[in-house]
Amino acid sequence: MAFFSAVILIACTKKPDAGFLGFQFYYLSNPFIGIKGRATTSVPIQADGSTNPLYVKLVQVRTRAGAVTDLLTKEYEIPIYLGEVTPTDSTPELLAKKLSTSLYRPFNVNSIGGRLELTPATSYVDTGSYDFDIEVMNIAGSKSIKNVAKVVLTPSVSSQLVRQFASTSALNQEIVFTTQANFAVTLDRKDGPNVIIIKFADKNGVLFNPKKNEVLPRAGTDAAPRYVFKQFAPYYAEEITDTALVYKYPAKTPTFPLYQLNAAYLSSYRIPAANNDLNMNINPELAFRLYPTDGVPFVSGTWTITNKINFAAKK
């Protein structure tokens, strides 16, 4: 009887799952392209039906010429978020509680699933194409894959113009507006203090004078609020000069502005009818983002943002 029970126990015991490790592994993003200084990620590796969990290890990176390099795998200091930045973090001291720095590699392969990750530490790395090898592992075993994909770093793009728009409207009404296509916003960076300078120029290049109320915030309503750049840069006092609106911004920010208002980065201004030859209100709108530059993994320098109103002259 004991023998019979043992036979039944053996027959009912489940065999361990040997798992399956696929034969073809590849990335949909090949080449995996990223802009220097920006965070970029891919979807996980295509694993040919391999049993999960699938573990992936970065083995080696090589330059386009085939030389082994550690440029993508050694650690560099970059800014990081400790929490979501909101408009209530309105002083350098409050903002400092949401931002910090840490050591990161420019390129990582996520250990579970093999997702590719480029970090802002790519600011320190040369542009170009890189090959890399990985090892994949699961319950069924392991496999080395050489030249599984290419990583391509393109030059840094330190600014993005999100919106440029202008309209005109008659005095004392906020219902009828005429779109003006001949309006352009330019962003220019120079090495220097962390300052953003916003200017408004007429079609002849003559600057409107914010100190004389020739440039004003455009009023919104509770149902349709409007914002100006001062609300995206509350960390230091706004400086209003006879040529520009000037804002200092904190050091070592990953990008700037750091948050949206009403789901946008939009700033809306008004040049009153009394200050232009159209004798109508001019309503310029702009939105932009600033990003790290080559060799600097955070926003830096002096930025001049010029709003060129090519359809009117100052008077």
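See the structure printed just above.
## Quick notes on the nonpolar core
Ile196, Ile198, Phe229, Phe256 and Tyr269 are the most contacted members of the largest nonpolar core, which has 35 residues in total. Counting residues per element, the ones that place at least two in this core are strand 12 (183-190), strand 13 (195-201), strand 16 (245-248), strand 18 (281-290) and strand 19 (302-309). It is strand 18 that contributes the most residues to this core, 4 residues altogether. Contact partners of isoleucine 196, with chain neighbours within four places excluded, come to Phe229, Leu245, Val246, Tyr247, Tyr249, Phe256, Phe288, Leu290, Trp303 and Ile305. Counting residues in hydrophobic clusters, the runner-up holds 25 residues, among them Ala47, Leu58, Val148 and Val151.

## Some words on the packing of aromatic side chains
By the definition in use, this model includes 12 aromatic pairs. Where phenylalanine 229 meets phenylalanine 288, the ring centres are 5.1 Å apart and the plane angle is 25°; that geometry is what we call stacked. Of the two residues, phenylalanine 229 is situated in the loop between strand 14 (216-217) and strand 15 (239-240) and phenylalanine 288 in strand 18; the sequence distance between them amounts to 59 residues. Above the plane of the ring of tyrosine 236 lies lysine 248, whose end atom (NZ or CZ) is 4.5 Å from the centre.

## A closer look at the pattern of salt bridges
Applying the stated rule across the entire model yields 11 salt bridges. Note that lysine 36 is salt-bridged to aspartate 294, the shortest N-O span being 3.3 Å. You can see lysine 36 sitting in the loop between strand 1 (32-35) and strand 2 (40-41) and its partner aspartate 294 sitting in the loop between strand 18 and strand 19, a full 258 residues away along the chain. A salt bridge links arginine 189 to aspartate 191; its shortest N-O distance comes to 3.0 Å.

## Thoughts on the sheet that holds strand 2
Here we have 3 strands laid out as an open sheet, ordered 2-7-6, and antiparallel in their pairing. Of all the strands in the sheet, the pair left with one neighbour each is strand 2 and strand 6 (107-109). Note: strand 6 against strand 7 (residues 116-118), 3 bridges, orientation antiparallel. The residue of strand 7 that forms the bridge with valine 109 is leucine 116.

What counts as what
- Residues numbered from 1 in each chain as written.
- Predicted model: local features only at pLDDT ≥ 70, side-chain atom pairs only at ≥ 80, totals over all residues.
- Heavy atoms only, no water.
- Core = buried A, V, L, I, M, F, W, Y, C linked by side-chain atoms within 4.5 Å.
- Buried < 20%, exposed > 50% of the residue type's maximum accessible area, 1.4 Å probe, protein only.
- Helix = DSSP H or I, 4+ residues; strand = E, 2+ residues; numbered from the N terminus.
- Contact = heavy atoms within 4.5 Å.
- Phe/Tyr/Trp six-rings, centres within 6.5 Å; stacked < 30°, edge-to-face > 60°.
- Lys NZ or Arg CZ within 6 Å of the ring centre and 35° of its normal.
- Salt bridge = Lys/Arg side-chain N within 4 Å of Asp/Glu carboxyl O.
- Pairing = 2+ DSSP bridges.

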